[in-house]
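Chain by chain, the residues:
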Amino acid sequence: MTLVTALLAYLLAASLLTITPGVDTALILRTATLESPKRAAMAALGINAGCLVWGAAVALGLGSLLAASELAFNVLKWLGAAYLLWLGLQMLLKPRREFSLASSDATEHHGQLGWFIKGLLGNLLNPKVGVFYVSFLPQFVPAGYAVGSFSFLLACLHVLLGLFWAAALILATRPLANFLRRGGLVQWLDRATGSVLLAFAAGLALAKR
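Numbering of residues begins from 1 in every chain and follows the order in which that chain's sequence is written. Predicted model: local features are reported for residues with pLDDT of at least 70 only, side-chain atom pairs are reported and counted for 80 or more only, and whole-chain, interface and lining totals are derived from all residues. With hydrogens and water set aside, each side-chain value is computed from the structure's full complement of heavy atoms.

Taking an unreviewed UniProt entry as the reference, the protein is identified by name as Lysine transporter LysE belonging to Aquipseudomonas alcaligenes. Recorded under Subcellular location (unreviewed entry), the UniProt text for the protein is reproduced unchanged: "Cell membrane". UniProt positions are given in the numbering used here, feature names are shortened, and annotations may be inferred rather than shown by experiment.

Here it is, written out as structure tokens:
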């Protein structure tokens, strides 16, 4: 496999994986629709920062430990499932009754930082991301290139694709945002997102290496 062939094949595969709906998509769409594009962007930055950390771990060989150690995988799996469960229950049981644009700068800054942390933890506590990178990235390393450094380059490309996709999702919500913020729709969207997160929590808890 040549360098150009490897990169083209990887970009195609990674693009399809990026646009596949998942917990990241649910968080970004919900935050963009009900809160603000800035907060959704921070959530997307957190999600992709988590991917970058996993990419660095794979490049350093730490991802192989996760793939080989059942204990390490299970510890991260249950932490991740518990975190998604907590997020989902918060949205499902305590949905907001209304949306308000009135907020202080301090509150807005805190909200943006909070969504960055949620996005980051959602990825870091998901061992499937690490195992996926360990098994997926090396397949696209062309002959003659160092597996570790080239895998990190591929992870960086995945992050760029993720950022572009997140931007597209955020922009797509803008025309509908004001409509979706009306009345009971705010509660419905919070509960719908919470239910999706609970489903992903269950899926992660049942995941195998």
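More follows now that the structure is in view.
Trainee: Where do I start with the nonpolar core in this structure?
Mentor: As a rule of thumb, nonpolar side chains are buried together in soluble globular proteins. The criterion is simple. A nonpolar core is a set of buried Ala, Val, Leu, Ile, Met, Phe, Trp, Tyr and Cys residues joined through side-chain atoms within 4.5 Å. Note on classification: 1.4 Å probe, protein chains only; a residue is buried when its accessible area is under 20% of the maximum for its type, exposed when over 50%, partly exposed between these limits. Judged by nonpolar contacts, the single largest core of 29 residues is most densely connected at Tyr10, Leu27, Trp54, Tyr133, Leu137, Leu154 and Leu197. Counting from the N terminus, the helices are DSSP H or I runs at least four residues long and the strands are E runs at least two residues long. Listed by contribution, the elements that provide at least two residues to this core are α1 (3-19), α2 (23-34), α3 (37-59), α5 (70-93), α7 (127-136), α8 (147-180) and α9 (183-205). When neighbours within four sequence positions are excluded, Leu197 is seen to be in contact with Val23, Leu27, Leu84, Leu87, Gly88 and Met91. Counting eight residues, the second-largest nonpolar core is a separate cluster that includes Ala40, Ala44, Ile47 and Leu169. By definition in these notes, contact holds between two residues if any of their heavy atoms fall within 4.5 Å.

Trainee: Explain the packing of aromatic side chains to me, please; I cannot follow it from the model alone.
Mentor: We describe a pair of aromatic rings using the distance from one ring centre to the other and the angle between the two ring planes. Planes of paired rings set the category: under 30 degrees apart is stacked, over 60 is edge-to-face and the rest tilted, where pairs are Phe, Tyr or Trp rings (Trp by its six-membered ring) whose centres lie within 6.5 Å. This structure, assessed with the given rule, holds two aromatic pairs. Here the aromatic rings of Tyr10 and Phe140 are separated by 5.4 Å at their centres, their planes lie at 70 degrees, and the arrangement is edge-to-face. Placement of the pair is Tyr10 in helix α1 and Phe140 in the loop between α7 and α8, with a sequence separation of 130 residues. Pair check on accessibility: Tyr10 and Phe140 agree, each one buried. With a centroid separation of 5.4 Å and an interplanar angle of 55 degrees, the aromatic rings of Tyr145 and Phe150 are classed as tilted. By relative accessible area, Tyr145 is classed as partly exposed at 41%. Residue Phe150 is classed as buried on the basis of its relative accessible area of 6%.

Trainee: Looking at this model, I keep getting lost on the UniProt feature "transmembrane region" (unreviewed entry) in the protein. Mind explaining?
Mentor: Mapped onto this numbering, the UniProt entry annotates "transmembrane region" (unreviewed entry) at residues 41-68, 75-93 and 143-168. Its end C-alpha atoms 27 Å apart, residues 75-93 is made of 100% helix and 0% strand. In the segment residues 143-168, helix accounts for 85% and strand for 0%; the C-alpha atoms at its two ends are 35 Å apart.

Trainee: Looking at this structure, how should I read the side chain of Thr25?
Mentor: Relative to the assigned elements, Thr25 resides in helix α2. Judged by relative accessible area, which is 13%, Thr25 ranks as buried. Contacts of Thr25, omitting those with residues within four sequence positions, involve Thr20, Trp165 and Leu169.

Trainee: Any chance you could explain the pattern of salt bridges here in plain terms?
Mentor: In a structure, side chains of opposite charge can pair up when their charged atoms sit close to one another. Only one rule defines a salt bridge in this text: a Lys or Arg side-chain nitrogen within 4 Å of an Asp or Glu carboxyl oxygen. Tallied over the entire structure, the rule returns two salt bridges. As a salt-bridge pair, Glu35 and Arg30 come within 2.7 Å of each other at their nearest N and O atoms. For Arg39, the salt bridge identified is with Glu35, shortest N-O distance 2.6 Å. Of the two residues examined, Arg39 and Glu35, each falls in the buried class. One salt-bridge network, in which partners are shared between bridges, spans Arg30, Glu35 and Arg39.

Trainee: Just to check I follow, could you spell out the layout of surface pockets for this structure?
Mentor: By volume, the largest pocket amounts to about 740 Å³. In terms of lining residues, the largest pocket is bounded by 28 residues, among which Leu17, Gly22, Asp24, Asn123 and Val129 are the most central. Elements supplying a minimum of two residues to the lining of the largest pocket: α1, α2, α3, α6 (105-124), α7, α8 and α9. With five residues, the top contributor of residues to the lining of the largest pocket is α8. When residues are sorted by character, Ala, Val, Leu, Ile, Met, Phe, Trp, Tyr, Cys and Pro go into the nonpolar class, Asp, Glu, Lys and Arg into the charged class, and all the rest, Gly among them, into the polar class. Of the residues contributing to the lining of the largest pocket, the split by class is 15 nonpolar, eleven polar and two charged. Buried and open spaces are told apart on a 1 Å grid over the protein atoms alone, a cavity being a set of points where a 1.4 Å probe fits but cannot get out and a pocket being an open set with protein on both sides within 12 Å along at least five of seven lines. Residues with an atom within 4 Å of a point are the lining residues. Grid points are joined across faces, edges and corners, and a volume is the space filled by probe spheres set on the points.

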